[in-house]
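Results of the structural survey
What follows is each chain in one-letter form.
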Amino acid sequence: MHNPNQKRGTQMLRKQLLILCLLVLGITLAACEGVTITFDDTADGAPETAVQQAVGLAAAPAVPVTFTNFVWQWSELAESNPASQSVVPDPANYTLTFQDDGSLVVKADCNNGTGSYTRAVDSDSLSIELGAMTAAFCGEASLDNQFMQLLSTVNAYTLSNGRLSLFTSADAEMRFTSGGPSPLAQEVGLMPSQISLDTQGLPYSWQASLVPGTPYDASLPPGPTGIPGHMVISFGVVNPNDAQPNDPVMLIIPAAAYEQQWLDNDNETVSRTMEAIFGYTVALPAPAPTSSMPVLPVEATTGVNDVATQVARAGATAFSATKNGYRFVGRFAQDANPITSDGLPLRYIYQGFTNDADYLVAFFYPVTTDALPTNADVDADWNEALSQDGGAQAFLDQQIADLNALSPSDWQPDLDTLDAVVQSLQISGMPSNAVIGQSWQLSADTGTDAAIVNSDQYTISYRENGTFNYTTDCNNGSGVYIVNGLAGVTGPIAMNAQASTLMACPPDSAHDLFVGTLAAAQDFKVRPGVDKALELVRPAGGGSLVFTPAGPVEEIVPPPDTATATPLPELPTATPAPPTATPAPSEPYGIITAPRGVNIRSGPGTVYPVVDSAEFGDVIAIVGRSADRLWWASPSRISPTGLGWVSADYVNAFNVSNVPVLPAPPVPPTATPVPTATPQPTAVPTATSVPSISFTADSTVITQGSCTTLRWSVENVQAVWVYPAGQPYNQYPVPGNGTQQVCPQTTTTYEMRVQLTDGSVQFRQVTVQVNPQNPLANSNWSVARFGGFGVPLPGTSLTASFGGTGTFNANGGCNSYGGTYTINGNNIQIGPLAGTQIACGDDIDQQEALYVTSLQAASRYELRDGGTFLVLFDAGGVELLSFNRQP
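Rules behind the numbers
Residues numbered from 1 in each chain as written. Predicted model: local features only at pLDDT ≥ 70, side-chain atom pairs only at ≥ 80, totals over all residues. Heavy atoms only, no water. 1 Å grid on protein atoms, 1.4 Å probe; cavity = no way out; pocket = protein on both sides within 12 Å on 5 of 7 lines; lining within 4 Å. Points joined across faces, edges and corners; volume = space filled by probe spheres on them. Helix = DSSP H or I, 4+ residues; strand = E, 2+ residues; numbered from the N terminus. Nonpolar A, V, L, I, M, F, W, Y, C, P; charged D, E, K, R; others polar. Phe/Tyr/Trp six-rings, centres within 6.5 Å; stacked < 30°, edge-to-face > 60°. Buried < 20%, exposed > 50% of the residue type's maximum accessible area, 1.4 Å probe, protein only. Lys NZ or Arg CZ within 6 Å of the ring centre and 35° of its normal. Pairing = 2+ DSSP bridges. Axes fitted to C-alpha atoms, helices over the stretch in contact; angles between N-to-C directions. Contact = heavy atoms within 4.5 Å. pLDDT = per-residue confidence, 0-100. Disulfide = S-S within 2.5 Å. Salt bridge = Lys/Arg side-chain N within 4 Å of Asp/Glu carboxyl O. Parallel < 35°, antiparallel > 145°, perpendicular 65-115°, else oblique. Core = buried A, V, L, I, M, F, W, Y, C linked by side-chain atoms within 4.5 Å. Polar contact = N/O pair within 3.5 Å; in protein donor to acceptor, adjacent residues only side chain to side chain.

Time to look at the layout of surface pockets. There is about 840 Å³ of room inside the second largest pocket. Forming the walls of the second largest pocket are 30 residues, and the residues nearest its centre are Gln244, Pro245, Val249, Glu299 and Ala300. When residues of the lining of the second largest pocket are traced back to their parent elements, those giving at least two are strand S14 (214–217), strand S15 (225–227), strand S16 (230–235), strand S17 (249–254) and strand S19 (326–333). Take the lining of the second largest pocket: its biggest share by element is 3 residues, from S16. Classifying every residue of the lining of the second largest pocket by side-chain character gives 17 nonpolar, 9 polar and 4 charged.

In structure tokens:
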């Protein structure tokens, strides 16, 4: 049966997905509108969506059966002299596995061995040479001797429809069926056929191969080696064994297996280096290091990294298999040497992880530049530097600085070309990021010293269709999420909870913390290796929730069952607002982000009158900004100036780098002028001028819901910015002397960045501690409207009372209800509620059901009009109920 409430929910979900897409992915409006979500009206209402375009999970790969890396089982023998055909009784006892490096693994009944093979590239010729084999007696009925004899006479092969035939010199045909991927392929977890790469016109062809691992060995200098089975992409050679030490190569190494191999030998080198590589994928140091860059595998790093230049992100596309890595030009040396064209070779080096965080990706490519001197050019200066204390390092530092000044095109090959090679790496079946398609179990909270009780009862599962499900110790729920398209193992994420059960949680429950983090988290990180973990990062240094993998998502968990709930009445709908014109993708525009909408004023400041308003999610054209960058200007037919001004705090703006600064109109005479934040010129300092810097707050401890004023004063400086710590400072320029009212909901540190006249930078910080309060204690309310537009039935009065000790009572117009409520900042939870069961008539019964359901669905509240008007919202920001305060 069609559910009208489902239609309204679907419309809201579409709007929320669009807003999430614009805010998080940062792509154009037109592109986001192409990300659609549709629902059917079946009983389970499971969503089918094309939001994969944004969250990007690749389809499971259909790996073709190939000559190498599969176990071939001997199933039949066809002979022509005399003509006969026989079936092998136990095919799994007679197998061949052809490795990419030309080696062969043989199982002949009870015997095992190795060998090698040679296969022509342009024909079907094949020769097999058996190596060492065990020589056990397998019984009179065994075919082991016949099997090995036939293999030694093979001269050709065919591979068709997943079946392999080997032809012998005696005109016999050995027929094989696939027994699945080889043990090496299963160990690595990838097949060469899954790899695609574009060499961007470089003078090499490429070949992907699986390479067996080498055991840990600490017996030879310069140090331990060892690596598990892995994928090698060779350039210019087919067999990876033919590659020379300085040839280009790309390696894809199972991260956890690599780390575990070294930990099993009590060596943490790979663990520490992998941790450092991951740290650099999250945030490159500034300034960039000039040596000691973390690089794996160990076999590629003979010596010490004494030169690192051109350190940068390699970049990515939405289809790249590795998105968050870094690259640099460097070398590894065992002693001090100048950087020359005929000395130790320089290499382009890339380090990163695949999008699923399961593999380390390393790319090495020799590079040079015409700016490099020869040894003869620098011999004299180098010898002079060696004679001075610290002279050799100073010489190298200057060379590195000179190389850093080059552009990518000054190198051969162009560094941008090598970046493009990395960006082109694709692996079929590789998800676009590390969270999608996975379930995660809570393990810790880095924002508190307190342990989470029963952390194993808190999980979250990210599904392929852009939805997620979560469980806490007492409730479960669902919602939608979007991950930035260029995020692999780390990047922006937005989550919006949609539905939840409403059981009362025990006092030590982390339910509110968990759900609050889902709403607040702006970034994620998935740490690779043995201790693979997901972090959902809270803003402004609030710590992270840390999760461990709980396996792939296997099935859709339906939302909380509402099939038996009392049908909700059809509420009157508001008159729809006229559609907002959609700006062209390249034009400046903004998205309103204020949950309850925002005022549009006739000028850039609250001193100007309100002329209009915009709702959450509305799209506005942007034609200018205020001088202080705090207001955006948009065309308005209502404003007397033809422009409406919207606070930039409530707008996410796009394509606005070139919008002009527009002058503010005259302040209306009835308004009280207030100082604007227009930048004021600072005095030009004299040679003896000393900078003066002051940064304070009127109150550093406030009650939640209150405000304080930041004050700053500077002299003899170049520029000033004031911003919440952790935010991009360049978006918050301020005049040299000013004030700013702030109303943080949680304890927040504000930072002032001051650039001095010599170009150096100093910082000052003020922390505002926010103590929670309960503004609803001992208050009484009557319902004004449902959902922003419906009013109570005539003759009925719906009331709510919040006690001072967490008790809650309500009347639905006929029946009375009671329960508890909790307040945490602006978050609220009411219920579960129990009540009398008087039959009051269909209309009143339906209204009561809606009222009680809405109360128990409340997740956030706001007090307006001086605390006389209360609004309850659900977890998705949708208005549920509004109340007028009563005595």
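A separate point is the packing of aromatic side chains. One pass over the full model with this rule turns up 22 aromatic pairs. Arranged with centres 5.8 Å apart and planes meeting at 65°, the rings of Phe67 and Tyr117 form a pair that is edge-to-face. Highlighted residues: Phe67 in the loop between helix H3 (52–55) and strand S3 (70–80) and Tyr117 in strand S7 (residues 111–119), separated in sequence by 50 residues. Here Tyr117 falls in the buried class, since its relative accessible area comes to 11%. Considering the side-chain rings of Phe67 and Tyr157, the 5.0 Å spacing of their centres and the 50° angle between planes classify their relative orientation as tilted. Of this pair, Phe67 sits in the loop between H3 and S3 while Tyr157 is found in strand S9 (residues 154–160), placing the two residues 90 residues apart along the sequence. Three or more aromatic residues joined by ring pairs make a cluster, and in this case those are Tyr458, Tyr462, Phe468, Tyr470, Tyr481, Phe514 and Phe547. Here the basic side chain of Arg753 rests over the ring of Trp721, its NZ or CZ set 5.9 Å away from the ring centre.

Turning our eyes to something else, we now look at the sheet that holds strand S40 (residues 692–697). Taken together, 3 strands build an open sheet; the order of strands is S40-S42-S44 and the sheet is antiparallel. Taken across any chain shown, the strands that pair with only one partner, and hence form the sheet edges, are S40 and strand S44 (737–742). This sheet shows a mean twist of 10° between the axes of neighbouring strands, independent of strand direction. Where S40 and strand S42 (residues 708–715) come together, 6 bridges link them in antiparallel fashion. Pairing of Phe695 across the sheet is with Trp712, part of S42.

This next bit is on the sheet that holds strand S25 (residues 459–462). In space, the 8 strands of this closed barrel follow the order S24-S25-S26-S27-S28-S29-S30-S31, with antiparallel pairing throughout. Strand-to-strand twist in this sheet, taken as the mean axis angle between neighbours without regard to direction, amounts to 35°. Note that strand S26 (residues 467–471) and strand S27 (residues 476–483) share 5 bridges and pair antiparallel. Within S27, the residue paired with Thr467 across the bridge is Val480. Across the face of the sheet, helix H7 (residues 269–282) comes into contact with strand S28 (490–500) and strand S29 (523–527) while running at roughly 160° to S29. Sitting on the sheet, helix H11 (residues 511–520) touches strand S24 (438–445), S25, S26, S28, strand S30 (533–537) and strand S31 (544–552), and the angle it makes with S26 is about 160°.

For the rest of this paragraph, the subject is the packing of helix H6 (residues 255–263) against H7. Remark: H6 packs on H7, axes separated minimally by 7 Å, with the N-to-C direction vectors making an angle of 145°. Side by side, H6 and H7 meet where Ala255, Tyr258, Glu259, Trp262 and Leu263 of the first sit next to Thr269, Val270, Ser271 and Met274 of the second. The class makeup of the residues in the contact of H6 with H7 is 6 nonpolar, 2 polar and 1 charged.

Right, let's talk about the confidence of the model for the protein chain for a bit. When pLDDT is averaged across the protein chain, the result is 82; 85% of the residues are at 70 or more. Contacts of residues 1–16 to residues separated by more than four positions or lying in other chains number 21 contacts, the stretch itself having pLDDT below 50. Scored below 50 in pLDDT, residues 671–688 makes 17 contacts in the model with residues more than four places away or belonging to other chains.

The next subject is the state of the cysteines. Summed over all chains, the structure comprises 4 disulfides. Across the disulfide from Cys110 sits Cys138; the S-S distance is 1.8 Å. Here the disulfide of Cys110 and Cys138 is left-handed, its torsion about the S-S bond being about -90°. On the criterion of sequence distance, the pair formed by Cys110 in the loop between strand S6 (103–108) and S7 and Cys138 in the loop between strand S8 (126–133) and helix H4 (144–151) is long-range, its members being 28 residues apart. For Cys110, a relative accessible area of 36% puts it in the partly exposed group.

Attention now moves to the pattern of salt bridges. Per the stated rule, a full pass over the model turns up 15 salt bridges. Between Arg527 and Glu275 there is a salt bridge; the shortest N-O distance is 2.5 Å. Here the residue Arg527 occupies a position in strand S29, and Glu275 occupies one in helix H7, the gap between them amounting to 252 residues. Among the residues examined, Arg527 registers a relative accessible area of 21% and is labelled partly exposed. On the basis of relative accessible area, Glu275 is assigned to the partly exposed category, the value being 40%.

Time to look at the packing of helix H8 (residues 375–386) against helix H9 (residues 391–404). Packing of H8 against H9 brings their axes to within 6 Å, and their N-to-C directions diverge by 135°. Relative to H9, the element H8 lies oblique. Facing Val378, Asp381, Trp382, Ala385 and Leu386 of H8, the residues of H9 in contact are Gly391, Ala392, Phe395 and Leu396. A per-class count over the contact of H8 with H9 returns 7 nonpolar, 1 polar and 1 charged.

So, on to the nonpolar core. One broad rule of soluble globular proteins: the nonpolar side chains tend to lie buried together. Of all hydrophobic cores here, the largest spans 73 residues; its most connected members are Trp74, Phe147, Leu166, Tyr348 and Phe363. Not counting residues within four places of it along the chain, the set of residues in contact with Phe363 comprises Phe235, Val249, Met250, Tyr348, Ile349, Tyr350, Leu418, Val421 and Val422. If you look at the next biggest cluster of nonpolar residues, it comprises 58 residues, including Ile349, Ala357, Phe514 and Val526.

Note that Tyr851 resides in helix H12 (residues 842–857). Each C-alpha atom of the pair Tyr851 and Asn811 lies 9.3 Å from the other, and the pair is 40 residues apart in sequence. For Tyr851, the residues in contact, after removing those within four places along its chain, are Val783, Phe786, Leu798, Thr799, Ala800, Ala810, Asn811, Gly812, Leu881 and Phe883.

With that settled, consider the side chain of Glu535. With respect to the helices, strands and loops of the structure, Glu535 is situated in strand S30. For Glu535, a relative accessible area of 11% puts it in the buried group. Only 2.9 Å separates the side chain of Glu535 from the side chain of Arg527, close enough to count as a polar contact. Within the local environment of Glu535, its side chain forms a polar contact with the side chain of Ser544, the two groups lying 3.2 Å apart.

Right, let's talk about unusual backbone geometry for a bit. Here Leu296 and Pro297 are connected by a cis peptide whose omega angle stands at 5°. You can see Pro297 is positioned in the loop between H7 and strand S18 (304–313). Looking along the chain, the bond that leaves Gln412 and enters Pro413 is cis, with omega of -5°. Relative to the assigned elements, Pro413 resides in the loop between strand S22 (411–412) and helix H10 (415–424). Phi is positive for Ser292, close to 55°, though the residue is something other than glycine. Tracing the sequence through the fold places Ser292 in the loop between H7 and S18. A residue is classified by how much of its surface remains accessible, and Ser292, at 53% relative accessible area, is exposed. If you check the backbone angles, Asn778 has positive phi at about 60° while not being a glycine. By the secondary structure assignment, Asn778 is in the loop between strand S46 (761–771) and strand S47 (779–786).

It is worth spelling out the environment of Pro366 at this point. Secondary-structure assignment places Pro366 in strand S21 (residues 359–369). Once the C-alpha coordinates of Pro366 and Arg331 are considered, the two residues, 35 residues apart in sequence, prove to be 9.8 Å apart. Ignoring sequence-local partners within four residues, the contact set of Pro366 consists of Asn246, Pro248, Leu346, Arg347, Gln412 and Pro413.

Moving on, we get to the pairing of S26. Among the 5 residues that make up S26, 4 are buried, leaving the element largely enclosed by the rest of the structure. Where S25 folds back onto S26 in an antiparallel hairpin, the turn is made up of 4 residues, including Gly466, whose phi is positive at roughly 85°. Turn length for the S26-S27 hairpin, with the two strands adjacent in sequence and antiparallel, is 4 residues.

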